[in-house]
Amino acid sequence: MRAVQYREVGGSPEVVSVPDPEPGPGQVLLKVSAAGVCHSDIAVMSWTAEQLTFPLPLTLGHEAAGTVEAVGDGVRGVSIGEPVAVYGPWGCGVCVMCAQGKENYCVRADELGILPPGLGAPGAIAEYLLVDDARHLVPLGGLDPVANVPLTDAGLTPYHAIKGALGRLVPGSAAVVIGAGGLGHVAIQLLRALTPATVIALDVSEEKLELARAVGAHEVVLSDERAAERVRGLTGGAQAVFDFVGVQATAATATAVAAAEAEVVIVGIGGGVAQVGFGAIAFDASVRAPYWGSRSELIEVLELARAGVIDVHVETYSLDEAPKAYERLHAGKVNGRAVILPNG
Ligand code: NAD
Ligand code: ZN
Ligand code: ZN
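Residues numbered from 1 in each chain as written. Chains lettered and ligands numbered in written order. Predicted model: local features only at pLDDT ≥ 70, side-chain atom pairs only at ≥ 80, totals over all residues. Heavy atoms only, no water.

- The protein chain is annotated in an unreviewed UniProt entry as alcohol dehydrogenase from Actinomadura sediminis.
- Its UniProt record gives the protein chain the following Cofactor (unreviewed entry) comment, quoted word for word: "Zn(2+)".
- Taken verbatim from the UniProt record of the protein chain, the Sequence similarities (unreviewed entry) comment is "Belongs to the zinc-containing alcohol dehydrogenase family." (UniProt positions renumbered as here; feature names shortened; annotations may be inferred.)

Structure (structure tokens):
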């Protein structure tokens, strides 16, 4: 089959031919309908050999939707042809975290060498995807795989980030979203659907700020060195701040706009560090750096999409065009999420 791989450190994604995968015991083979392109892949492709935690080549793509093509021995509860979304942060399935559906925080994944598809295991930007266990599949029902595949990460990750802060987002509160890209433009919609908060979006690009407004931001602010001052002028301080960039400048803005008892959530993996200490941040503010989300949260996000309150903006590409999608994402030119159609 054809697949898009990151083959050597410092290289670029390439379209290659690889052996057709076959499902072993307990595994499910999906024919990939759609695979999302995440900025984390750009980060992975910037890492040195020492920073990489898995061997290359790597088939890219950790947002996946497809139809069940074949199942290995012992697989129950899925039927051939069924359309599904894939829960990506695979865990052991039995530890105390996995037992709660929080496979993203599996206690034993490192020790057992369990890696997510597209972030260590072969990913979804390929004609077929091998899924290690049927429990990682969530039925799509009537949801369109192309429009909704980004919800497996660009929806699930902000949903998890926001869910923990919901108690603070009461009437009269403000929420700040830094970075209105793939994750950020879904975060704005989640905040509007789930809270009465005033939503303020920050980005460096006018086009992204337009998208932010179109998907529901009440206010938009250019993300520069004066951004924190402007946000404080609008709100006096936000009760929740979500940083979907995570570089030093945005982490500094995130803490600077936090009100007393605010929740600051650093989601972006740009290497920035939020300063916490008496006088460095508003009184009693909390800072979190979460990773992806739980299985039940993915089910909840798909339910929100079914309810019609999330509309992911997608640009579609063929498998051959996937390298171009990565180039455009790297250059900041993707509005919303790029989605690859490997069998389209
Ligand atoms: P994206 O490229 O689609 O969006 C990033 C957005 O940030 C763009 O709109 C860009 O214009 C904007 N931006 C860049 N610099 C900025 C600045 N200084 N101030 C404000 N905005 C700025 O990326 P994405 O796929 O949405 O991913 C966002 C981040 O989240 C990445 O760092 C990614 O690796 C990370 N991520 C983390 C998790 C997690 O579990 N923690 C999961 C998925 C993605
Ligand atoms: Zn991702
Ligand atoms: Zn586990």
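Side note on the coordination of the zinc ion (ligand 3)
Then step 1. For the zinc ion (ligand 3), the protein coordination sphere consists of Cys 92 (SG), Cys 95 (SG), Cys 98 (SG) and Cys 106 (SG), at 2.3 to 2.4 Å.
Then step 2. For the zinc ion (ligand 3), the 4 donor atoms in the first shell make angles of 105 to 116° at the metal, so the coordination geometry reads as tetrahedral.
Then step 3. The exposure class of Cys 95 is buried, given its relative accessible area of 10%. (Donors = N, O, S within 2.8 Å, 3.2 Å for Na, K, Ca; no water. Tetrahedral: all angles 85-135°; square planar, octahedral: opposite > 155°, others 65-115°. Buried < 20%, exposed > 50% of the residue type's maximum accessible area, 1.4 Å probe, protein only.)

Some words on the side chain of Ser 294
Then step 1. Secondary-structure assignment places Ser 294 in the loop between strand 14 (286-288) and helix 9 (295-306).
Then step 2. On the accessibility criterion, Ser 294 (6% relative accessible area) is buried.
Then step 3. There is a polar contact of 3.4 Å between the side chain of Ser 294 and the side chain of Ser 296.
Then step 4. Apart from the residues lying within four places of it in its own chain, the contact partners of Ser 294 are Tyr 87, Gly 101, Lys 102, Asn 104 and Leu 156. (Helix = DSSP H or I, 4+ residues; strand = E, 2+ residues; numbered from the N terminus. Polar contact = N/O pair within 3.5 Å; in protein donor to acceptor, adjacent residues only side chain to side chain. Contact = heavy atoms within 4.5 Å.)

Comments concerning the domain arrangement of the protein chain
Then step 1. When the domains of the protein chain are assigned, the result is domain 1 (2-153 + 293-341) and domain 2 (156-288).
Then step 2. Taking only C-alpha atoms into account, the centre of domain 1 sits 27 Å from that of domain 2.
Then step 3. Taking both partners together, domain 1 and domain 2 bury about 1,900 Å²; carbon and sulfur atoms supply 59% of that area.
Then step 4. When residues of domain 1 are sorted by the area they lose upon contact with domain 2, Asp 153, Glu 297 and Asn 335 head the list and together hold 26% of the total.
Then step 5. Between domain 1 and domain 2 we count 1 salt bridge in total.
Then step 6. Close ionic contact of Glu 300 with Lys 163 constitutes a salt bridge, the shortest N to O distance being 3.0 Å.
Then step 7. Summed over the shared surface of domain 1 and domain 2, the number is 11 residue pairs in polar contact (both at pLDDT 80 or more). (Domains from an automatic or database assignment. Buried area = accessible area lost by both parts, 1.4 Å probe. Salt bridge = Lys/Arg side-chain N within 4 Å of Asp/Glu carboxyl O.)

Some thoughts on the pattern of salt bridges
Then step 1. Overall, the coordinates contain 14 salt bridges when judged by the stated rule.
Then step 2. Taken together, the salt bridges that share partners define one network made up of Glu 103, Asp 133, Arg 135 and Arg 295.

Observations regarding the packing of aromatic side chains
Then step 1. On inspection of all chains with the given rule, the structure shows 2 aromatic pairs.
Then step 2. Residues Tyr 291 and Trp 292 carry aromatic rings whose centres are separated by 5.7 Å and whose planes lie at 75° to one another, so their mutual orientation is edge-to-face.
Then step 3. We classify Trp 292 as buried; its relative accessible area is 4%. (Phe/Tyr/Trp six-rings, centres within 6.5 Å; stacked < 30°, edge-to-face > 60°.)

Here's the deal with the sheet that holds strand 4 (residues 58-59)
Then step 1. The strand order across the open sheet formed by 3 strands is 2-1-4, and the pairing between neighbours is antiparallel. One side of each edge strand has no neighbouring strand; the edge strands of this open sheet are strand 2 (14-17) and strand 4.
Then step 2. As paired elements, strand 1 (residues 2-6) and strand 2 share 4 bridges and run antiparallel to each other. If you follow Ala 3 over to strand 2, its bridge partner there is Val 16. (Pairing = 2+ DSSP bridges.)

A few points about the sheet that holds strand 13 (residues 258-266)
Then step 1. The strand order across the open sheet formed by 6 strands is 11-10-9-12-13-14, and the pairing between neighbours is parallel. Edge positions in the sheet fall to strand 11 (219-222) and strand 14, since each of these pairs with one other strand and no more. Across this sheet, the average inter-strand angle for adjacent strands is 15°, counted without regard to direction.
Then step 2. The pairing of strand 12 (residues 238-243) with strand 13 spans 5 bridges and is classified as parallel. Note on strand 13: the bridge partner recorded for Ala 240 is Glu 263.
Then step 3. Packing of helix 6 (residues 206-214) onto the sheet brings it into contact with strand 10 (198-203) and strand 11, and relative to strand 11 it is tilted by some 165°. (Axes fitted to C-alpha atoms, helices over the stretch in contact; angles between N-to-C directions.)

Here's the deal with the coordination of the zinc ion (ligand 2)
Then step 1. Coordination of the zinc ion (ligand 2) by the protein involves Cys 38 (SG), His 62 (NE2) and Asp 153 (OD), with metal-donor separations of 1.8 to 2.3 Å.
Then step 2. The sequence pattern formed by the donor residues of the zinc ion (ligand 2) is C-x23-H-x90-D. Of this pair, Cys 38 sits in the loop between strand 3 (28-37) and helix 1 (39-44) while His 62 sits in the loop between strand 4 and strand 5 (63-71), and the two are 24 residues apart along the sequence. Both residues of the pair, Cys 38 and His 62, count as buried.

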